[in-house]
Amino acid sequence: MSLVIVGTFNLDTIETPQERRERIVGGSGTYCCLAASFFTAPGIVGVVGEDFPKDTLELFKAKGIDTEGLLVKPGKTFFWEGRYEDDPNKRTTIATEVNVLKSFRPQLPDHYRDADILFLANIDPDLQEDILAQVNNPRLVAMDTMNYWIQTRAASLLNVLNKVDVFFANDEEVRMLTGELNLITAGKRLLEKGPSLVVIKKGEHGALLLSKDFVFVVPAYPSETVVDPTGAGDSFGGGFLGYLDNVDSYAEEDIRKAVVYGSILASFTIEKFGIDRLKSLSSDEIESRFAEFQKLVTF
Ligand code: AMP
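All values derive from a computational prediction rather than experimental measurement. (Residues numbered from 1 in each chain as written. Predicted model: local features only at pLDDT ≥ 70, side-chain atom pairs only at ≥ 80, totals over all residues. Heavy atoms only, no water.)

Caption draft 1: Region of interest: the sheet that holds strand 4 (residues 43-49). In space, the nine strands of this open sheet follow the order 5-4-1-8-9-10-11-12-13, with mixed pairing throughout. This sheet does not close on itself; its edge strands, each paired only once, are strand 5 (70-73) and strand 13 (215-218). The mean angle between the axes of side-by-side strands here comes to 15°, regardless of whether they run parallel or antiparallel. Bridge count for strand 10 (residues 166-170) against strand 11 (residues 197-201) is five bridges, and the pairing is parallel. (Pairing = 2+ DSSP bridges. Helix = DSSP H or I, 4+ residues; strand = E, 2+ residues; numbered from the N terminus. Axes fitted to C-alpha atoms, helices over the stretch in contact; angles between N-to-C directions.)

Caption draft 2: Up close: the pairing of strand 11. Among the five residues that make up strand 11, five are buried, leaving the element largely enclosed by the rest of the structure. A two-sided burial pattern is seen for strand 11, the buried positions comprising L197, V199 and K201 on one face and V198 and I200 on the other. For strand 11 and strand 12 (residues 207-211), the ladder comprises five bridges, and the chain directions are antiparallel. The residue bridging V199 from the neighbouring strand is L209, located in strand 12. The antiparallel hairpin formed by strand 11 and strand 12 contains five residues in its connecting segment, where G203 sits at a positive phi of about 55°. (Buried < 20%, exposed > 50% of the residue type's maximum accessible area, 1.4 Å probe, protein only.)

Caption draft 3: Representation of the packing of aromatic side chains in the model. Taken as a whole, this structure holds eleven aromatic pairs when the rule is applied. Plain terms: the ring middles of F39 and Y261 are 5.2 Å apart, the flat faces sit at 75° to each other, and that makes the pair edge-to-face. A residue pair is termed long-range when its members are at least 10 positions apart, and F39 in the loop between helix 1 (28-36) and strand 4 and Y261 in helix 9 (residues 252-269) qualify at 222 residues. Look at F39 and you get buried, because its relative accessible area is 13%. Look at Y261 and you get buried, because its relative accessible area is 5%. Seen from their ring centres, Y261 and F290 are 4.6 Å apart, and the 15° between their planes marks the pair as stacked. Here Y261, found in helix 9, pairs with F290, found in helix 11 (residues 283-296); they are 29 residues apart in sequence, far enough to count as distant. Each of the two residues, Y261 as well as F290, counts as buried. Taken together through their ring pairs, the aromatic side chains of F39, Y243, Y261 and F290 make up a single cluster. Above the plane of the ring of Y221 lies R289, whose end atom (NZ or CZ) is 3.9 Å from the centre. One residue, R289, lies across the ring of F268, its end atom 3.8 Å from the ring centre. (Phe/Tyr/Trp six-rings, centres within 6.5 Å; stacked < 30°, edge-to-face > 60°. Lys NZ or Arg CZ within 6 Å of the ring centre and 35° of its normal.)

Caption draft 4: Quick peek at the packing of helix 6 (residues 171-178) against helix 7 (residues 183-191). For the pair helix 6 and helix 7, the least separation of the axes is 9 Å and the interaxial angle reads 65°. Helix 6 and helix 7 meet at a crossing whose hand is left-handed. Within the contact between the two elements, helix 6 uses D171, V174, R175, L177 and T178 and helix 7 uses L183, A186, R189 and L190. Taken together, the residues that form the contact of helix 6 with helix 7 break down as five nonpolar, one polar and three charged. (Left-handed = near helix turned anticlockwise from the far one by under 90°. Contact = heavy atoms within 4.5 Å. Nonpolar A, V, L, I, M, F, W, Y, C, P; charged D, E, K, R; others polar.)

Okay, here's the thing in structure tokens:
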């Protein structure tokens, strides 16, 4: 097992100005593992209730995802409802029901404990810490989060941040965490808090990667089709880490390519509701968008 992903496996109700979809499959772990599955065979850790669709569990397996760490418990799956404004970067959380996640105390399957890369995707920071303690000697630990945890559990979150190598966050979260408006200043503050790489996702404005040695910026794929922005950040993380796991290198050149693959996976996810686009996506489509990105940034 080389990449282990801990995250949420949810049912989401999503409303955009055009359409409303009720109780579709979502969650940070879901988007992330599907995105990573184009590059590697990740193992996942999380919990779902009995109402989580069986065909999604089958889809995970068909994509080569190891589901041994995903527990099915009596009760209801974590539920989240969000609404987007006309500006797809503006999202309001309408409801969060923790349900089966409330009593979840993860136990990693033995063969997950020697993971090379551990991704603590967006989930309760105490669970992130709990999992981190169960992995023996990971070469790379990454984490993501969201405004909900920054507002309710900042101390626990900063504690985990201190123990990771890579921190993914969007521009709003970075500003909220540091109190800095300028993203470069904010990124530098975060580099002082533990991680050696900070990746700031800026929605339609692309992504910014900061390390102590270099800065890298990539535009977002210039797309006119934004149907549902949900899961873009998680798909970014999955694409980024899936690629690094595949090439088995953390050289600067590969980290730069990983940012591009992350952006590409995010750009596909938002083309349809929920996980629909990731379901139909092919590796050829990913590679041809990679070539388009190369043209886009060459001058
Ligand atoms: P993203 O658009 O990448 O920020 O991720 C959206 C996903 O995060 C949705 O599918 C939600 O189900 C999931 N989500 C919402 N609230 C939480 C939360 N508090 N913790 C973890 N995942 C959440």
